[in-house]
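One letter stands for each residue in the lines below.
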Amino acid sequence: MAKRIRRRNREDPRSSEDVMAKEPDFDFAASGPHTPMIFHPSNKSDDEETLIRKSSSVDSSASWFKRTRESLQGDISSILLLLFLYMLQGVPLGLIGAIPLLLQGKHVSYGQQAVFSFAYWPFSMKLFWAPIVDSVYWRRIGRRKSWMVPCQYLIGIFMLILSFKVSYIMGEEGGDGPNVLFLMLIFLPLNFLAATQDIAVDGWALTILSRKNVGYASTCNAVGQTAGYFLGNVVFLSLESADFANNFLRSADDQKPYGIVDLAGFVFFWGWVFIVSTTLVLIFKKEIDHSLQTSSQSGEDDDVEMELGIWETYVILWKIIRLKPMLYMLVILLTGKVAFAATDGITGLKLIGMGIPKDRLASFGLFLTPLQILLPWMIGKWTAGPRPLNIFLWAYPYRLFVGGIFAAIVYFTPYFMLDTGKFHNSVYVVWIIGYVFHQVATYSMFVSMMAFNAQVSDPRIGGTYMTLLNTLNNLGGNWPVTLVLSITDAFTFKNCIVKGTKTVLYACNSKTLADQCSARGDVCEVGIDGYYIAVAICSVIGIIWYKLLFSKIKYLQKIPRKDWSVIKK
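Every chain begins its residue count from 1, and numbering advances along the sequence as written. This being a predicted model, a pLDDT of at least 70 is required before a residue's local features are given, and a value of 80 or more before pairs of side-chain atoms are given or counted; all residues contribute to the totals for chains, interfaces and linings. Hydrogens and water molecules were not included; the side-chain quantities draw on all heavy atoms of the structure.

Engineer: So what exactly am I meant to see when it comes to the side chain of Asn 246 here?
Structural biologist: Labels follow the DSSP assignment, with helices taken as runs of H or I lasting at least four residues and strands as runs of E lasting at least two, numbered in each case from the N terminus. Looking at the secondary structure, you find Asn 246 in helix 10 (residues 242-249). For every residue, the accessible area (1.4 Å probe, protein chains only) is compared with the maximum for its type, and the residue is labelled buried under 20%, exposed over 50%, or partly exposed between those bounds. A residue is classified by how much of its surface remains accessible, and Asn 246, at 14% relative accessible area, is buried. Contacts between residues were defined by any pair of non-hydrogen atoms, one from each residue, lying within 4.5 Å. Once residues lying within four places of it in the same chain are set aside, the contact partners of Asn 246 are Asp 254, Gln 255 and Lys 256.

Engineer: How should the state of the cysteines be read in this particular structure?
Structural biologist: Here, a disulfide means two cysteine sulfur atoms that sit within 2.5 Å of each other. Tallied over the entire structure, the rule returns two disulfides. Across the disulfide, Cys 496 is cross-linked to Cys 517 (sulfur-sulfur distance 2.0 Å). Looking down the S-S bond of the Cys 496 and Cys 517 bridge, the torsion is 90 degrees, so its handedness is right-handed. Residue Cys 496 is located in strand 3 (residues 493-497), and its partner Cys 517 is located in helix 21 (residues 511-519); the two are separated by 21 residues in the primary sequence. This pair shows no difference in class: Cys 496 is buried, exactly as Cys 517 is. At a sulfur-sulfur separation of 1.9 Å, the disulfide partner of Cys 508 is Cys 524. The sign of the S-S torsion, about 100 degrees, decides the handedness of the disulfide formed by Cys 508 and Cys 524: right-handed. Separated by 16 residues along the polypeptide, Cys 508 in the loop between strand 4 (504-507) and helix 21 and Cys 524 in strand 5 (residues 523-528) bring together distant segments of the chain. On the accessibility criterion, Cys 508 (0% relative accessible area) is buried.

Engineer: Explain the nonpolar core to me, please; I cannot follow it from the model alone.
Structural biologist: One recurring pattern in soluble globular proteins is that nonpolar side chains are buried together. One finds Phe 116, Phe 187, Leu 263 and Trp 431 to be the most contacted residues of the largest nonpolar core, which totals 92 residues. Element by element, the count of residues in this core is highest for helix 3 (residues 76-105), at 16 residues. Boundary definitions for the domains trace back to an automatic or database domain assignment. Shared between two domains, this core takes at least three residues from each, and those domains are domain 1 (77-285) and domain 2 (321-492 + 529-568). Beyond its immediate sequence surroundings of up to four residues, Phe 116 is in contact with Ile 96, Ile 99, Pro 100, Leu 103, Val 180, Leu 183, Met 184 and Phe 187. We call a set of buried residues a nonpolar core when its members are Ala, Val, Leu, Ile, Met, Phe, Trp, Tyr or Cys and they connect through side-chain atoms within 4.5 Å of each other. The next biggest cluster of nonpolar side chains, apart from the first, holds 36 residues, and it includes Ile 316, Met 450, Tyr 546 and Val 566.

Engineer: I tried to follow helix 15 (residues 341-354) on my own but got confused; where do I start?
Structural biologist: The periodicity of an α-helix, 3.6 residues per turn, causes residues three or four places apart in sequence to face the same way. Multiply 1.5 Å by the residue count of a helix minus one, and that product is the helix's expected span. Taking 1.5 Å per residue as the helical rise, helix 15 with its 14 residues ought to reach 20 Å, and the 20 Å between its terminal C-alpha atoms agrees with that figure. The buried fraction of helix 15 amounts to twelve of the 14 residues, a majority that puts the element mostly inside the structure. When helix 15 is considered as a whole, its buried residues turn out to be Ala 341, Ala 342, Thr 343, Gly 345, Ile 346, Thr 347, Gly 348, Leu 349, Lys 350, Leu 351, Ile 352 and Met 354.

Engineer: Please explain the packing of aromatic side chains as it appears in this structure.
Structural biologist: We describe a pair of aromatic rings using the distance from one ring centre to the other and the angle between the two ring planes. Stacked, tilted and edge-to-face are the three classes applied to pairs of Phe, Tyr and Trp rings, where Trp contributes its six-membered ring and a pair requires centres within 6.5 Å; stacked means planes under 30 degrees apart, edge-to-face means over 60, and tilted covers the rest. Evaluation of the coordinates by the stated rule reveals 27 aromatic pairs. Taken together, a centroid distance of 5.0 Å and an interplanar angle of 65 degrees make the contact between Phe 340 and Tyr 396 edge-to-face. Separated by 56 residues along the polypeptide, Phe 340 in the loop between helix 14 (324-335) and helix 15 and Tyr 396 in helix 18 (residues 389-412) bring together distant segments of the chain. Per residue, the accessibility class of Phe 340 equals that of Tyr 396, and both read buried. Look at Trp 394 and Tyr 398: their rings are 5.6 Å apart centre to centre, the planes differ by 20 degrees, and that puts the pair in the stacked class. Taken together, the residues span about one helical turn, with Trp 394 and Tyr 398 both in helix 18 at a distance of four residues. Taken together, the ring pairs connect Phe 340, Phe 392, Tyr 396, Trp 545, Tyr 546 and Phe 550 into an aromatic cluster. Directly above the aromatic system of Tyr 428 lies the positively charged group of Arg 360, at a separation of 4.8 Å from the ring centroid. A cation sits over an aromatic face here: Arg 399 above Phe 340, 4.1 Å from the ring centre. In this scheme, Lys NZ or Arg CZ marks a charge over a ring once it lies within 6 Å of the ring centre and within 35 degrees of the ring normal.

Engineer: Please explain the pattern of salt bridges as it appears in this structure.
Structural biologist: Between side chains of opposite charge, a pair can form when the charged atoms approach closely. Note on definitions: salt bridges are taken to be side-chain nitrogens of Lys or Arg within 4 Å of carboxyl oxygens of Asp or Glu. Within the structure shown, the criterion is met by six salt bridges. Lys 126 serves as the salt-bridge partner of Asp 198, at 2.1 Å between the closest nitrogen and oxygen. Placement of Asp 198 in helix 8 (residues 180-208) and of Lys 126 in the loop between helix 5 (122-125) and helix 6 (130-135) is noted, with a sequence separation of 72 residues between them. Side by side, Asp 198 and Lys 126 carry an identical accessibility label, which is buried. In this structure, Asp 243 and Lys 422 form a salt bridge, with 3.5 Å as the shortest nitrogen-oxygen distance. With Asp 243 in helix 10 and Lys 422 in the loop between helix 18 and helix 19 (425-456), the pair connects residues that are 179 residues apart, well separated along the chain. Among the residues examined, Lys 422 registers a relative accessible area of 46% and is labelled partly exposed.

Engineer: Just to check I follow, could you spell out the confidence of the model for the protein chain for this structure?
Structural biologist: Reading predicted coordinates in detail is not appropriate for stretches of low pLDDT. Looking at the protein chain, the pLDDT average stands at 80 and 81% of residues meet or exceed 70. Of all the helices and strands in the protein chain, strand 1 (residues 5-7) carries the lowest mean pLDDT, 38, while helix 22 (residues 530-556) carries the highest, 95. The predictor rates its confidence in each residue with pLDDT, a number between 0 and 100. In this model, residues 1-56 is a region of pLDDT below 50 whose contacts with residues beyond four sequence positions or in other chains number 131 contacts.

Engineer: What is the right way to read the environment of Gly 500 from this model?
Structural biologist: You can see Gly 500 is positioned in the loop between strand 3 and strand 4. For the pair Gly 500 and Asp 522, spaced 22 residues apart in sequence, the C-alpha separation works out to 8.7 Å.

Engineer: Explain the layout of surface pockets here, please?
Structural biologist: Summary: where empty space remains is shown by rolling a probe the size of a single water molecule over the atoms. Counted as a void, the second largest pocket has a volume near 1200 Å³. Using protein atoms alone on a 1 Å grid, points that fit a 1.4 Å probe yet trap it form a cavity, whereas open point sets bounded by protein on both sides within 12 Å along at least five of seven lines form a pocket; residues with an atom within 4 Å of a point count as lining. Considering the residues around the second largest pocket, the lining is formed by 32 residues, among which Gln 104, His 107, Val 108, Lys 494 and Val 526 are closest to the centre. Taken together, the elements giving at least two residues each to the lining of the second largest pocket come down to helix 4 (110-116), helix 15, helix 21 and strand 5. Here the nonpolar group is Ala, Val, Leu, Ile, Met, Phe, Trp, Tyr, Cys and Pro; Asp, Glu, Lys and Arg are the charged ones; every other residue, Gly included, is treated as polar. Tallied by class, the residues present in the lining of the second largest pocket amount to twelve nonpolar, twelve polar and eight charged. Grid points are joined across faces, edges and corners, and a volume is the space filled by probe spheres set on the points.

Engineer: Got a minute to help me understand the pairing of strand 4 in this structure?
Structural biologist: Regular strands place side chains that alternate from one sheet face to the opposite one. Across three bridges, strand 3 lies against strand 4 in antiparallel orientation. Within strand 4, the residue paired with Ile 497 across the bridge is Val 504. For two strands to be treated as a pair, DSSP must find no fewer than two bridges joining them. Counting the residues between successive antiparallel strands, the hairpin from strand 3 to strand 4 contains six residues, one of them, Gly 500, with a positive phi of roughly 85 degrees.

Engineer: Please explain the sheet that holds strand 5 as it appears in this structure.
Structural biologist: By way of backbone hydrogen bonds, the strands of a sheet pair with one another, either parallel or antiparallel. Spatial ordering of the open sheet is given by 4-3-5, a layout of three strands whose pairing is antiparallel. At either end of the open sheet lies a strand with only one pairing partner, and these are strand 4 and strand 5. Each adjacent strand pair in this sheet contributes to an overall mean axis angle of 40 degrees, direction not counted. Strand contacts of helix 21: strand 3, strand 4 and strand 5, with the helix running at about 155 degrees to strand 4, the strand carrying the most contacts. Fitted lines through C-alpha atoms give the axes, limited to the stretch in contact for helices. The angle between two N-to-C directions lies from 0 to 180 degrees.

What follows is the structure, given as structure tokens:
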């Protein structure tokens with residue numbers, strides 16, 4: 001095992017992988033560790049907790065603004081930097097999330113969407129190279145900047161080069177349609193660089209902040225990345241939309257068939273933002289480990305956590321996977337989201353295909369963001385106890401039911417299209433309400449699973465353990481969507497029909513036959529939509545999965561915590 005030991009209070013994040021395991025309190029009156037609303041058996045005595053409270057220099061009787069300023073004193077500039085770095089990270093993620101909507105507007109197949117979905121995978125796989133990023137660095141530049149700076153420069157260069165070729169790749173020049181495979185091969189390394197930058201910034205977040213405020217690292221991550229995703233997705237799709245620009249940004253005499261910006265211009269702008277901002281950070285911001293300074297000043301050495309090397313980390317990961325309870329967790333985390341793959345992966349694409357504007361669909365996120373912030377705190381009292389997966393078991397069938405409701409709404413949506421080709425506002429209201437109910441189920445499952453993962457993770461290797469479980473959870477959401485997208489076309493059957501009649505000439509399932517049908521003036525219509533078949537199959541799989549694993553999930557909560565540990569005391 002590692003010979004080096006880093007002394008940390010057990011309440012603080014312990015490695016770059018630990019950042020998302022911690023959330024700050026909204027109560028600024030008491031400085032110190034900020035823990036999420038999850039159950040942690042504590043070894044601290046009441047006296048120790050009292051000492052921590054007494055060590056706070058913040059006057060609890062002061063105004064909220066003054067308490068906040070005093071609590072964050074010395075860390076405000078670092079917090080702003082972290083927010084900006086996480087925002088930069090969110091921009092390419094939002095852009096990658098917008099590409100499928102642009103592709104669907106160009107009528108690509110679900111199989112082609114499945115090919116592009118591989119571009120999402122690096123963020124779900126970053127655990128496999130995170131130990132290298134944490135351990136290998138150039139001391140002169142700094143442990144985190146050794147990776148962050150090159151990654152951000154490469155992202156900027158990638159974007160600048162892409163801006164000159166993206167119109168051709170998207171099929172806007174030449175008329176051959178989008179080259180989806182080439183597009184995926186471009187955005188896959190871009191996402192890989194963003195994931196690597198995330199690892200480096202997560203690690204820097206733990207040392208750039210003083211120990212009393214290190215809990216705000218997760219807040220910077222959540223807020224910054226959400227803002228970046230919003231800019232790269234919702235803002236871009238809105239500005240790219242001719243409908244949005246003509247309705248809200250242009251006068252009635254200045255209507256045009258295109259938006260304010262295009263993909264090439266948007267990517268070009270952010271490429272320069274990455275390069276310029278990275279240069280400024282490289283020159284003006286030095287790496288100083290504030291957490292070690294404050295820890296040594298306080299003289300705390302009650303708890304220790306092993307700092308693992310590269311090889312030791314991989315050995316620990318293998319030992320965790322071989323634990324008997326982990327065998328059940330592997331099955332649950334990797335297969336539990338198959339039931340929702342069709343609903344989560346195809347519904348938005350179906351709406352785009354039906355004529356729902358991309359910017360309108362993306363704007364649904366405006367109504368969901370407050371819910372994403374509030375819901376974890378609303379259900380906190382149920383996930384804070386020793387049985388957090390009870391919420392997961394309650395939300396699972398509810399989410400299955402919502403998936404069926406989504407399919408029904410998708411079926412009836414075309415009937416509400418106006419003669420102008422647009423939809424009445426009531427259609428958008430129905431979909432927003434539907435997505436709100438869907439978000440309740442999704443986040444209830446997510447929060448309860450994260451709470452359970454935090455409980456069973458061995459505190460001495462908490463970052464590695466938590467990140468392994470979160471990686472499996474993310475991977476379990478990615479591969480079913482890719483699989484379902486790849487096979488849904490096989491369930492879809494189209495017929496070439498004489499225009500204006502119901503006379504079927506022949507099947508036009510392939511692109512060649514569909515083009516041939518259209519060239520003759522006929523219409524290639526969908527006879528059987530694979531989306532509904534995919535939703536039905538996934539739902540049946542979900543019902544069977546729930547019946548088979550319900551008792552196993554209940555059993556997992558009863559397993560003694562020592563059985564989850566790979567390092568015996």
